Amino acid sequence: MKVGVLGAGAYGLALSHILVNNKVYVTAWTHDENEAKILDKDRISKKLNDYKVPSEIKFTTSLKDAVVNMDLIVMAIPAFAFEEVTVKLSKYIKRKQPVLIATKGIQQNTCLFLNDVFSKYLKNSIAVISGPTFAVDMIKDAPIGFSLATKSHKTEMIIRKCFENSTTKFRRTKDIVGIEICGSIKNVMAIASGMLEGMGVTDSTRALFLTESMNDIKELIDALGGKKKSILSFAGFGDILMTCTSKNSRNFSFGYLIGKGASTKEINDYLENTTVEGMYTLKSIHKLVRKKKVKMPIINLIHDIIEGKKDKEEMLKFLILK
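Residues numbered from 1 in each chain as written. Predicted model: local features only at pLDDT ≥ 70, side-chain atom pairs only at ≥ 80, totals over all residues. Heavy atoms only, no water.

Focus: the pattern of salt bridges
Under the counting rule described, the total for this entry stands at 15 salt bridges. One salt bridge connects Lys47 with Glu35, and the closest N-O pair in it is separated by 2.7 Å. Pair noted here: Lys47 is in the loop between strand 3 (44-45) and strand 4 (51-52) and Glu35 is in helix 2 (residues 33-42), with a separation of 12 residues, a long-range link. Accessibility expressed as a relative area gives 54% for Lys47, which makes it exposed. One salt bridge in this structure joins Asp203 and Arg206, with 2.0 Å as the shortest N-O distance. A residue pair is termed a helical-turn pair when its members lie 3 or 4 positions apart in one helix, as Asp203 and Arg206 do in helix 9 (residues 203-223) at three residues. On the basis of relative accessible area, Asp203 is assigned to the exposed category, the value being 58%. A single salt-bridge network, built from bridges that share partners, covers Glu156, Arg160, Glu164 and Arg172. (Salt bridge = Lys/Arg side-chain N within 4 Å of Asp/Glu carboxyl O. Helix = DSSP H or I, 4+ residues; strand = E, 2+ residues; numbered from the N terminus. Buried < 20%, exposed > 50% of the residue type's maximum accessible area, 1.4 Å probe, protein only.)

Put into structure tokens, the structure is as follows:
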């Protein structure tokens, strides 16, 4: 099997790691020529704690080379660049090639989920994966689980053939909407959970927040046409539990800085040097719930705290009065 992985960041490399372990031929694409040269020559990823990149992974800045004749295309690029890359992808991809979306997020200007952004330009069979899977754990070959959302049995089988092994597990669902919602909004909830941690709340209060969050997400899934039970999937409960409680989560760590009262400089420095997907998604989901007239006050509150319109202490009052 041959797979083109679009994105050479931490997550793209971690997915590539699983693939080469399964003897899959991998070409990883990055738009950054300097990044491609460093990864190809030094075989060390600074984005992934000096991870030694397997020699089997080929790097390229040519989207054509990463797409043509591949059995599967994996999209592991930042959400803000997703549409731009999809448009470029349309020049080279063939209709028969399935696409696996590993990017999490909602487009800001349109409030579209990424599978919908993709479908604006291409009609390929798609799948979405999401789950409690830190890149640093994936490269250690730790047992991990993904929710795999697709409506195509053939696409499911190709993905399983490429990725599944003794440490990588998939649970399939047809609920693409539900899995995308879980994968996107958990980053926002992780920021809020990090705030609470930074404020020094008790374990009981954190548990209160997580429970309320899961109930809210379940109702959002239902309101947007997904299946409520997806909240209990790897993408739902699994990823929320992990991302909202671990300092390995960039979103949680960002929220922690706000909660502990870090300086504006310290917070801005973190944002400049770290990709905090939850910040991008927060603006999108805040706009989406208002547009769809869905009641989700926790999103409005998190948004207002980040924007400096409300004090972080409002979170504690909210959890009781909600």
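That covers the picture; the talk isn't over yet.
Considering the packing of aromatic side chains
Enumeration according to the criterion identifies three aromatic pairs in this entry. With centroids separated by 6.4 Å and ring planes inclined at 70°, the aromatic side chains of Phe163 and Phe170 adopt a geometry described as edge-to-face. The residues Phe163 and Phe170 share a single accessibility class, namely buried. Consider the rings of Phe254 and Tyr270, whose centres lie 6.4 Å apart with planes at 20°: the pair is stacked. Taken as a pair, Phe254 in helix 11 (residues 250-259) and Tyr270 in helix 12 (residues 264-273) lie far apart in primary sequence, 16 residues in all. Considered together, Phe254 and Tyr270 belong to a single accessibility category, that of buried residues. Positioned above the aromatic ring of Tyr11 is the side chain of Lys104, whose terminal nitrogen or guanidinium carbon lies 4.8 Å from the ring centre. (Phe/Tyr/Trp six-rings, centres within 6.5 Å; stacked < 30°, edge-to-face > 60°. Lys NZ or Arg CZ within 6 Å of the ring centre and 35° of its normal.)

Section: the state of the cysteines
Taken as a whole and assessed by the stated rule, the structure comprises zero disulfides. Note on Cys182: no disulfide assigned, nearest cysteine sulfur contributed by Cys244 at a separation of 12 Å. With relative accessibility at 0%, the residue Cys244 sits in the buried group. (Disulfide = S-S within 2.5 Å.)

A look at unusual backbone geometry
Non-glycine residue Asn69 carries a positive phi angle of around 70°. Among the structural elements, Asn69 can be located in the loop between helix 3 (63-67) and strand 6 (72-75). Unlike most non-glycine residues, Cys111 shows phi in positive territory, near 65°. Here Cys111 is to be found in the loop between strand 7 (99-101) and helix 5 (114-119).

Everything listed here is a matter of geometry and, on its own, says nothing about what the molecule does.
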